[in-house]
Amino acid sequence: MVASPLLEVKNLKKYYEVDQGWFKPKTYVKAVDDVSFTVYKGETFGLVGESGCGKSTTGRTLLRLNAPTDGSILFENKDISELPYEKMRKLRRRIQMVFQDPYASLNPKKTIRQILTEPLRVHDLHSKEERVKKAIEILEIVGLSEYHLDRYPHEFSGGQRQRIGIARAVILQPDLIVTDEPVSALDVSIQSQVINLLLKLQKEFDLTYIFISHDLSVVKHITDRVAVMYLGKIVELASTKELFQNPKHPYTKALISAVPVSHPDEKRERIILTGDVPSPANPPKGCSFHPRCSECMAICQTEAPPVVEMENGHTVTCHLFTK
Ligand code: SF4
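As its UniProt record puts it under Sequence similarities (unreviewed entry), the chain is described as follows: "Belongs to the ABC transporter superfamily."

Given below as structure tokens:
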């Protein structure tokens, strides 16, 4: 059975104006530039790319933590891109976010009891006693206990804090959780525990995830489909299996070549990307990847490549596939 779309993002843009002074023309940083994708119910959709590619801005814009510049965001077929504040606030019960930094995302002055019951109070859910009961239940589900209820965030390790951050998102029983680099601030030994917790919660609560990460080995493990972003645009989108077995875009190939192989007999040639990601305030003409691309052709320097549809929903934005 084909899952139905939960979220459809169409031509989403998030531009920031750069102040150049009174008499100079306006310029914009195009942090997210014409991004389109669909997230289906129950799946984990990955957004990957180097730092500064626009993946986190995309995630925040979906929740309207940033106001979109243009485009539409359809949640269960309803456009939420211009939803009034109060309606959007109510909808946030159904779309939650887990942040990268478990140290910064929990208020240090509040106890875990307050942190976990507050979202329920804000959304006017349950009585006071029931909220505490729910907080204890969710603490136990994420591997903590009632004993931790009246402690403060600084009394926990990084992994435990991220468990609390996840518990705070899940306590509202949302449909969609956007996780922004949820394990990158954690030790490698703790990362797999948190990933396994996310997978367990997905099954238990029927969750859909957007998983934002720069770490392709984690993305390979947890996601069903992946979109690769470069300088505010999606350059390739495919099922995770297809993307890792048959990457098309030169940027995706370079990213995947850096992922450690899972078997000693497996050989993979490392493609080293030269240069840094250019500034989104002044992107290169044509294909924005062309200054770093080993397969760059003359057309790439002048014309932006179109999105080319391959088989099974695999798309790639590259002139190599337009012939
Ligand atoms: Fe490289 Fe050209 Fe493809 Fe861009 S369009 S990724 S420069 S081959």
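**Student:** So what's going on with a negative patch on the surface? Which residues, and what values?
**Tutor:** A surface patch of like charges, here negative, comprises Asp 34, Asp 70, Asp 79 and Glu 82. Of note, Asp 79 is situated in strand β5 (residues 78-79). Exposure remark for Asp 79: the relative accessible area of 39% places this residue in the partly exposed category.

**Student:** Go over the sheet that holds strand β1 (residues 5-18) with me, naming the residues and quoting the values.
**Tutor:** The strand order across the open sheet formed by 4 strands is β2-β1-β4-β5, and the pairing between neighbours is antiparallel. Strands with a single pairing partner mark the edges of an open sheet, and in this sheet they are β2 (27-40) and β5. Pairing of β1 with strand β4 (residues 70-75) involves 5 bridges; the strand directions are antiparallel. Each bridged residue has a counterpart across the sheet, and for Lys 10 the counterpart in β4 is Ser 72. Contacting β1, β2 and β4, helix α1 (residues 55-62) runs over the sheet at an angle of about 115° to β1.

**Student:** How would you explain the sheet that holds strand β10 (residues 233-239) if you had to name every residue and give the values?
**Tutor:** Pairing is mixed in the open sheet, where 8 strands are placed in the order β6-β7-β8-β3-β9-β10-β12-β11. The two strands at the open ends of the sheet, each matched to only one other strand, are β6 (95-98) and β11 (307-309). Averaged over all pairs of adjacent strands, the angle between strand axes in this sheet comes to 20°, irrespective of strand direction. In this structure, β11 lies alongside strand β12 (residues 315-317), joined through 3 bridges in antiparallel fashion. Across the sheet, the residue bridging to Val 308 is Val 316, located in β12. Docked against the sheet, α1 engages β3 (44-48), β6, β7 (176-180), β8 (208-213) and β9 (225-230), running at close to 150° with respect to β8. Running over the sheet, helix α9 (residues 250-257) touches β9 and β10 and is turned about 110° from β9.

**Student:** Any chance you could break down the site of the ligand for me, citing the residues and the numbers?
**Tutor:** The full set of residues close to the ligand is His 249, Pro 250, Cys 287, Phe 289, His 290, Cys 293, Glu 295, Cys 300, Pro 305, Cys 318, His 319 and Leu 320. Taken atom by atom, the bulk of the ligand overlaps the largest cavity. A breakdown of the residues in the shell around the ligand according to their chemical character gives 8 nonpolar, 3 polar and 1 charged.

**Student:** Tell me about the packing of aromatic side chains, residues and numbers included.
**Tutor:** Using the criterion set out here, one finds 5 aromatic pairs in the structure. Taking 5.0 Å as the distance between ring centres and 85° as the angle between the ring planes, the aromatic pair formed by Tyr 230 and Phe 289 counts as edge-to-face. Of this pair, Tyr 230 sits in strand β9 while Phe 289 sits in the loop between α9 and β11, placing them 59 residues apart in sequence. No difference in accessibility class separates Tyr 230 from Phe 289, as the two residues are buried. Here the aromatic residues Tyr 230, Tyr 251 and Phe 289 are joined through ring pairs into a cluster of three or more.

**Student:** Give me the lowdown on the nonpolar core, citing residues and values where you can.
**Tutor:** Counting 54 residues, the largest nonpolar core has Leu 116, Ile 166 and Leu 201 as the members making the most contacts within it. Each of domain 1 (5-94 + 172-321) and domain 2 (101-171) accounts for three or more of the residues forming this core. When neighbours within four sequence positions are excluded, Leu 116 is seen to be in contact with Ala 135, Ile 138, Leu 139, Ile 164, Ala 167, Arg 168 and Ile 171. In terms of nonpolar packing, the next biggest core, distinct from the first, is built from 29 residues, Phe 75, Ile 80, Ile 212 and Ala 227 among them.

**Student:** Account for the layout of surface pockets, naming residues and giving values.
**Tutor:** Roughly 780 Å³ of internal volume is contained in the largest pocket. Contributing to the lining of the largest pocket are 32 residues, with Asp 34, Lys 233, Ile 234, Val 307 and Thr 317 lying nearest its centre. Here the lining of the largest pocket is built from residues that sort into 16 nonpolar, 9 polar and 7 charged. By volume, the second largest pocket amounts to about 490 Å³. In terms of lining residues, the second largest pocket is bounded by 20 residues, among which Gln 96, Glu 118, Pro 119, Arg 168 and Leu 172 are the most central. Top contributing element to the lining of the second largest pocket by residue count: helix α3 (residues 112-122), with 4 residues. Within the lining of the second largest pocket, the residues separate by chemical class into 11 nonpolar, 4 polar and 5 charged.

**Student:** Talk me through unusual backbone geometry; I want residue IDs and the actual numbers.
**Tutor:** Notably, Asn 11 is not glycine yet its phi reads approximately 50°, a positive angle. Mapped onto the fold, Asn 11 is located in strand β1. In this model, Asn 77 sits at a positive phi of 70°, which is unusual for a non-glycine residue.

The rules behind each value
Residues numbered from 1 in each chain as written. Predicted model: local features only at pLDDT ≥ 70, side-chain atom pairs only at ≥ 80, totals over all residues. Heavy atoms only, no water. UniProt positions renumbered as here; feature names shortened; annotations may be inferred. Patch = residues over 30% accessible without salt bridge, like charges linked within 9 Å, V, L, I, M, F, W, Y side chains within 5 Å. Areas by Shrake-Rupley, 256 points an atom, 1.4 Å probe, with all protein chains shown as cover. Salt bridge = Lys/Arg side-chain N within 4 Å of Asp/Glu carboxyl O. Lys, Arg positive; Asp, Glu negative; His and termini not counted. Charge placed at Lys NZ, Arg CZ, Asp CG, Glu CD. Helix = DSSP H or I, 4+ residues; strand = E, 2+ residues; numbered from the N terminus. Buried < 20%, exposed > 50% of the residue type's maximum accessible area, 1.4 Å probe, protein only. Pairing = 2+ DSSP bridges. Contact = heavy atoms within 4.5 Å. Axes fitted to C-alpha atoms, helices over the stretch in contact; angles between N-to-C directions. Near = heavy atom within 4 Å. 1 Å grid on protein atoms, 1.4 Å probe; cavity = no way out; pocket = protein on both sides within 12 Å on 5 of 7 lines; lining within 4 Å. Sits in = over half its atoms within 2 Å of the grid points. Nonpolar A, V, L, I, M, F, W, Y, C, P; charged D, E, K, R; others polar. Phe/Tyr/Trp six-rings, centres within 6.5 Å; stacked < 30°, edge-to-face > 60°. Core = buried A, V, L, I, M, F, W, Y, C linked by side-chain atoms within 4.5 Å. Domains from an automatic or database assignment. Points joined across faces, edges and corners; volume = space filled by probe spheres on them.

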